[in-house]
Amino acid sequence: MVDQLMFAQENWERIHAVEHSFRPLGKPLSQPGRVLIGEGRLMKQCRRGPKQKVFFLFNDVLVYGSIILRGFWHKNQQIIHLEDIQLEDLEDDVRVRNQWLIHTPHKSFHVAAASYEEKQAWIEHIEECQSKLLQNGGHRSKSTFPVTWIPSQASAVCMRCSDKFTMTQHRHHCRKCGFVVCSVCSKKRAMIRHIHPTKRLRVCCLFHMSLLRTEADIQEKINLRESSTVKEGSEEYEVEVSSEEEEAEEQMEDHDPSSWRYSWIPYVYLKSEDMRS
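Residues numbered from 1 in each chain as written. Predicted model: local features only at pLDDT ≥ 70, side-chain atom pairs only at ≥ 80, totals over all residues. Heavy atoms only, no water.

## Digging into the state of the cysteines
Throughout this description, disulfide means a covalent bond between two cysteine sulfur atoms.
Next up, step 1: Taken as a whole, this structure holds zero disulfides when the rule is applied.
Next up, step 2: Cys158 carries a free sulfur, and the closest cysteine sulfur to it, the one in Cys161, is 3.7 Å from it.
Next up, step 3: Judged by relative accessible area, Cys158 falls into the buried class, the value being 1%.
Next up, step 4: Considering cysteine sulfurs only, Cys185 is the nearest to Cys161, which forms no disulfide, with 3.7 Å between them. (Disulfide = S-S within 2.5 Å. Buried < 20%, exposed > 50% of the residue type's maximum accessible area, 1.4 Å probe, protein only.)

Listed below in structure tokens is the structure:
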């Protein structure tokens, strides 16, 4: 009983410290039954290159954010429910080692650990927590995940029209296919409900044309059947035909190549016997 009380108090203090590090804009993290399993730093592939982020693994959510003030404070808090996560292991390449993919309903991204052992620890503990959550809580995992964006620096030209990117011709990403495209080829907007239920997102011209054809086919079927409701596939889209208005692009994150050489915080985690409440 004493050990359980001590563990509960220590766990509350750890969660409170994480919660406080994201103040004043972070969301509350203290909840009944929530346990902080481990934390560490991973390299996350951002829009303009790799960036070091801090990650916190709880028994029900994965939280990450940007590092400021030598790691004592964090910002841009992101919370992902473990039942909505799908992991995909990746082989090492010339530039990046110990990497894997994290798929979520709203975005998919690469992360890389400092060592193979740390990578395995992250994957094993995420999958273990996810398995327990799905078995015990009756949660249902998502079946639809967005594509992983191709890194901006991977292409010097638009992957639709082949125009070269310049200081004035900026890079953008299609939210459906993940391709690097220019502003002309990504003027259109569409509702991709499994990524965002209410916001129209930037899509490339090729995908927008396919949506128009899909809309036309659906309308034709509706006209033929009149009273029937047509569902096209597992994903729902709403096309915006007149979408000349430019939408503010997501906040750009600066690429700092030296961040690959930062010192790493070792990954720490609770032993299984410590998780008993």
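## Some words on the environment of Leu57
Next up, step 1: Along the polypeptide, Leu57 turns up in strand E2 (residues 49-58).
Next up, step 2: Given a relative accessible area of 0%, Leu57 falls into the buried group.
Next up, step 3: Each C-alpha atom, one on Leu57 and one on Val35, is 8.7 Å from the other, the two residues being 22 residues apart in sequence. (Helix = DSSP H or I, 4+ residues; strand = E, 2+ residues; numbered from the N terminus.)

## Observations concerning the nonpolar core
Next up, step 1: Core analysis: the biggest nonpolar cluster contains 22 residues, and Phe55, Leu62, Leu82, Trp100, Ile102 and Trp122 have the highest contact counts within it.
Next up, step 2: Looking at this core, the elements with two or more residues in it are strand E1 (36-46), E2, strand E3 (61-68), strand E6 (99-103), strand E7 (108-112) and helix H2 (116-137).
Next up, step 3: For this core, the element with the most residues is H2, which contributes five residues. (Core = buried A, V, L, I, M, F, W, Y, C linked by side-chain atoms within 4.5 Å.)

## Structural notes on unusual backbone geometry
Next up, step 1: Residue Pro24 is bonded to the preceding Arg23 through a cis peptide linkage, with omega at 5 degrees.
Next up, step 2: Mapped onto the secondary structure, Pro24 falls in the loop between helix H1 (2-21) and E1.
Next up, step 3: You will see that Asn98, though not glycine, has its phi angle at about 55 degrees, which is positive.
Next up, step 4: When you line up the elements, Asn98 lands in the loop between strand E5 (86-89) and E6.
Next up, step 5: Unlike most non-glycine residues, Ser162 shows phi in positive territory, near 70 degrees.
Next up, step 6: Within the secondary structure, Ser162 sits in the loop between H2 and strand E8 (172-173).

## What about the packing of aromatic side chains?
Next up, step 1: Overall, the coordinates contain four aromatic pairs when judged by the stated rule.
Next up, step 2: For the ring pair Phe55 and Tyr64, a centre distance of 5.0 Å and an interplane angle of 20 degrees mean the geometry is stacked.
Next up, step 3: Overall, Phe55 belongs to the buried group, its relative accessible area being 0%.
Next up, step 4: Aromatic rings pair up to connect Phe55, Tyr64, Phe109 and Trp122 into one cluster.
Next up, step 5: The ring of Phe58 has Arg34 sitting right over it, with the charged end atom 5.8 Å from the ring centre.
Next up, step 6: Over the aromatic face of Phe109 sits the side chain of Lys44, whose NZ or CZ is 5.0 Å from the ring centroid. (Phe/Tyr/Trp six-rings, centres within 6.5 Å; stacked < 30°, edge-to-face > 60°. Lys NZ or Arg CZ within 6 Å of the ring centre and 35° of its normal.)

## Looking at the pattern of salt bridges
Next up, step 1: Counted by the stated rule, this structure contains five salt bridges.
Next up, step 2: Note that Arg23 and Glu19 form a salt bridge whose closest N and O atoms lie 3.6 Å from each other.
Next up, step 3: A salt bridge links Asp60 to Arg34; its shortest N-O distance comes to 2.9 Å. In this pair, Asp60 sits in the loop between E2 and E3 while Arg34 sits in the loop between H1 and E1, placing the two residues 26 residues apart along the sequence. Note on accessibility: Asp60 and Arg34 belong to one class, buried. (Salt bridge = Lys/Arg side-chain N within 4 Å of Asp/Glu carboxyl O.)

## Observations concerning the pairing of E6
Next up, step 1: Across the five residues that make up E6, a large majority, five, are buried.
Next up, step 2: Neither face of E6 is open: one carries Gln99, Leu101 and His103, the other Trp100 and Ile102, and all of them are buried.
Next up, step 3: The sheet contact formed by E5 and E6 spans four bridges and is antiparallel. Across the sheet, Gln86 pairs through a bridge with His103, a residue of E6.
Next up, step 4: Bridging between E6 and E7 involves five bridges; their strand directions are antiparallel. Paired with Ile102 across the two strands is Phe109, which belongs to E7. (Pairing = 2+ DSSP bridges.)

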